[in-house]
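Structural overview
Residues per chain are reported as follows:
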Protein chains: 2
Amino acid sequence: MAIELVGLDADDTLWHNESYFRLTHQRFNDLLGPYADPATLDRRLVETMERNVRTYGYGAKTATLSMIETASEVAGQDLHAVIGEILAAGRELMAHPVELLPGVREAVEQLAERYRLVLVTKGDLFHQELKLAGSGLGDHFSGVEIVSTKTADTYRKVFRRYGVAPEATVMAGNSVRSDVLPALEAGAFAAHIPYELVWEHEAADLPENHPRLAQLNSISELPRWLEEHAAR
Amino acid sequence: MAIELVGLDADDTLWHNESYFRLTHQRFNDLLGPYADPATLDRRLVETMERNVRTYGYGAKTATLSMIETASEVAGQDLHAVIGEILAAGRELMAHPVELLPGVREAVEQLAERYRLVLVTKGDLFHQELKLAGSGLGDHFSGVEIVSTKTADTYRKVFRRYGVAPEATVMAGNSVRSDVLPALEAGAFAAHIPYELVWEHEAADLPENHPRLAQLNSISELPRWLEEHAAR
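To keep things clear, this report deals only with the structure shown in the data block.

The rules behind the values
Residues numbered from 1 in each chain as written. Chains lettered and ligands numbered in written order. Predicted model: local features only at pLDDT ≥ 70, side-chain atom pairs only at ≥ 80, totals over all residues. Heavy atoms only, no water. Helix = DSSP H or I, 4+ residues; strand = E, 2+ residues; numbered from the N terminus. Rg over C-alpha atoms; globule rule 2.2 N^0.38 Å. Buried < 20%, exposed > 50% of the residue type's maximum accessible area, 1.4 Å probe, protein only. Contact = heavy atoms within 4.5 Å. Lys, Arg positive; Asp, Glu negative; His and termini not counted. Charge placed at Lys NZ, Arg CZ, Asp CG, Glu CD. 1 Å grid on protein atoms, 1.4 Å probe; cavity = no way out; pocket = protein on both sides within 12 Å on 5 of 7 lines; lining within 4 Å. Points joined across faces, edges and corners; volume = space filled by probe spheres on them. Nonpolar A, V, L, I, M, F, W, Y, C, P; charged D, E, K, R; others polar. Pairing = 2+ DSSP bridges. Axes fitted to C-alpha atoms, helices over the stretch in contact; angles between N-to-C directions. Buried area = accessible area lost by both parts, 1.4 Å probe. Salt bridge = Lys/Arg side-chain N within 4 Å of Asp/Glu carboxyl O. Polar contact = N/O pair within 3.5 Å; in protein donor to acceptor, adjacent residues only side chain to side chain.

**Side note on the overall build of chain A**
Helix and strand counts for chain A come out as nine helices and six strands. Since a compact globule built from 232 residues should have a radius of gyration of about 17 Å, the 19 Å found for chain A is in line with a globular shape. With the C-alpha coordinates of chain A rotated into their principal frame, the extents come out at 65 × 35 × 30 Å. The buried share of chain A, reckoned over its 232 residues, is 54%. In chain A, the proportion of contacts linking residues at least 24 apart, taken out of those at least 6 apart, comes to 68%. The distance from the centre of the 22 positive side-chain charges to the centre of the 35 negative ones in chain A is 6 Å.

**Digging into the layout of surface pockets**
Reported here for the largest pocket is a volume of approximately 1700 Å³. As for the largest pocket, its lining consists of 45 residues, and the residues nearest its centre are A:Glu145, A:Arg161, B:Val144, B:Glu145 and B:Arg161. For the lining of the largest pocket, the elements supplying multiple residues, two or more each, are α6 (125-135), β3 (143-147) and α7 (152-161) of chain A together with α6 (125-135), β3 (143-147) and α7 (152-161) of chain B. Here the lining of the largest pocket gets six residues from one element, more than from any other, and that element is α7(A). Grouping the amino acids of the lining of the largest pocket by side-chain chemistry returns 17 nonpolar, 14 polar and 14 charged.

**A short note on the sheet that holds β3(A)**
Residue and element names in this part refer to chain A. The strand order β3-β2-β1-β4-β5-β6 describes an open sheet built from six strands, whose pairing is parallel. Each edge of the open sheet is held by one strand with a lone partner, namely β3 and β6 (213-215). Taking the axes of each pair of neighbouring strands and ignoring which way they run, one obtains an average angle of 20 degrees across the sheet. Direction of pairing for strand β4 (residues 169-173) relative to strand β5 (residues 189-192): parallel, over a ladder of four bridges. Opposite Ala172, over in β5, you have Ala191 as the bridge partner. Where α7 meets the sheet, it contacts β1 (5-8), β2 (116-122), β3 and β4, and its direction lies at approximately 155 degrees from that of β3.

**Observations regarding the interface of chain B and chain A**
Contacts between the two partners involve 35 residues from chain B, matched on the other side by 35 residues from chain A. Buried surface at the junction of chain B and chain A, summed over both partners, amounts to about 2800 Å²; 62% is from carbon and sulfur atoms. The tally of links between chain B and chain A comes to four salt bridges. In this structure, B:Glu69 engages A:Arg91 in a salt bridge whose closest nitrogen and oxygen atoms are separated by 3.3 Å. Scanning the region where chain B abuts chain A turns up 10 residue pairs in polar contact (both at pLDDT 80 or more). If you list the elements that add at least two residues to the side of chain B that touches chain A, you get α2 (38-56), α3 (60-75), α4 (79-95), α6 and β3 of chain B. Classifying every residue of the side of chain B that touches chain A by side-chain character gives 15 nonpolar, 12 polar and eight charged.

Shape descriptors only; they carry no functional weight alone.
What follows is the structure in structure tokens.
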């Protein structure tokens with residue numbers, strides 16, 4: 001069966017995301033440096049973030065609320081001295097310019113000539129729409145699917161929604177756990193495109209010798225891999 | 001043309017929402033009472049919220065961040081004394097039990113027997129999915145569309161996605177501006193179901209004598225109105 005639909009992850013597949021979170025985290029560590037050592041700060045922020053993700057979901061707003069909560073525990077009565085900087089860091093996390101990863105523009109243009117493209121991304125609808133608009137790539141996509149989790153069932157629903165059988169679909173992204181494994185489980189092809197920074201939550205092992213899996217070095221390799229390996 | 005698809009708004013159409021925001025706002029006013037008079041607090045919180053909605057989008061997380069920002073301006077060095085209570089109020093805004101409005105369960109069950117139902121709601125994906133799960137109504141819906149704005153174009157896209165002509169669709173909700181006017185503009189039927197509290201952002205006049213508009217007192221009247229007025 002020929003590939004008809006290409007699902008693409010957004011954050012850290014099309015554009016930088018994790019690097020901005022890391023910069024923000026570093027800025028937070030510097031700001032709170034007078035009140036706690038970096039290891040303690042890291043541990044408390046990660047713990048608070050993990051708890052808050054369950055209440056609030058993922059995203060920049062949750063990260064900002066987690067920084068505020070951690071700062072209030074660590075800085076005590078000095079919270080007022082750091083709050084302005086934390087709120088500013090949170091706003092910048094929402095509004096940073098969209099920086100496409102190398103080769104993305106060309107690959108997306110090339111893919112859009114032969115396949116229908118759909119963006120499949122977790123997280124915050126408002127923020128992802130901002131980023132897609134800022135990327136200048138919006139016109140190449142037939143649809144945008146913002147989902148709260150990425151399971152095999154999530155992908156099955158997306159494929160059904162576009163009227164395409166799983167075997168005629170490939171999902172490409174940087175996360176083994178969210179993009180690759182559940183797409184394979186749903187019966188689709190999957191392409192793993194590693195990002196330089198891997199978020200701890202997303203780390204997982206790639207299956208060996210899976211007939212529907214592409215391990216690519218860059219999204220630039222995806223159009224050709226689809227030509228050569230995914231049956232047409 | 002017979003009605004095939006019924007779009008339903010969520011917050012303040014199916015379940016209480018605005019009332020929780022108002023309770024939270026009151027709790028904030030009580031907490032910050034020692035630092036500013038209620039009118040000043042109201043004005044500053046509304047200004048901050050309006051500014052933050054442009055950065056962060058709508059929702060409980062934006063409301064929480066806005067309360068923190070306002071408190072930091074008003075309470076100054078006492079921010080530390082109130083932050084815990086504000087964070088708790090924000091978490092409760094996310095996690096409050098879903099309280100269906102009168103007649104909703106019966107109306108949704110009745111509508112689901114004859115039409116496909118789709119939830120069309122603005123705002124935060126994570127929060128809306130939480131609320132739909134908590135409502136126990138999820139199984140009656142063919143789909144959930146979380147959108148960042150509700151314009152005529154938004155509704156056209158939704159109708160196209162479900163393969164239904166606008167004339168075979170009705171959108172029902174409490175907001176004249178978000179649910180009624182853009183749905184009529186897209187060529188659909190619209191049913192206005194007023195909520196006891198109207199958010200200032202959503203206030204707008206209803207058109208007079210529009211052939212595709214139902215002005216209902218309650219969602220309980222929707223199934224019958226569709227039978228009698230929307231051509232079958």
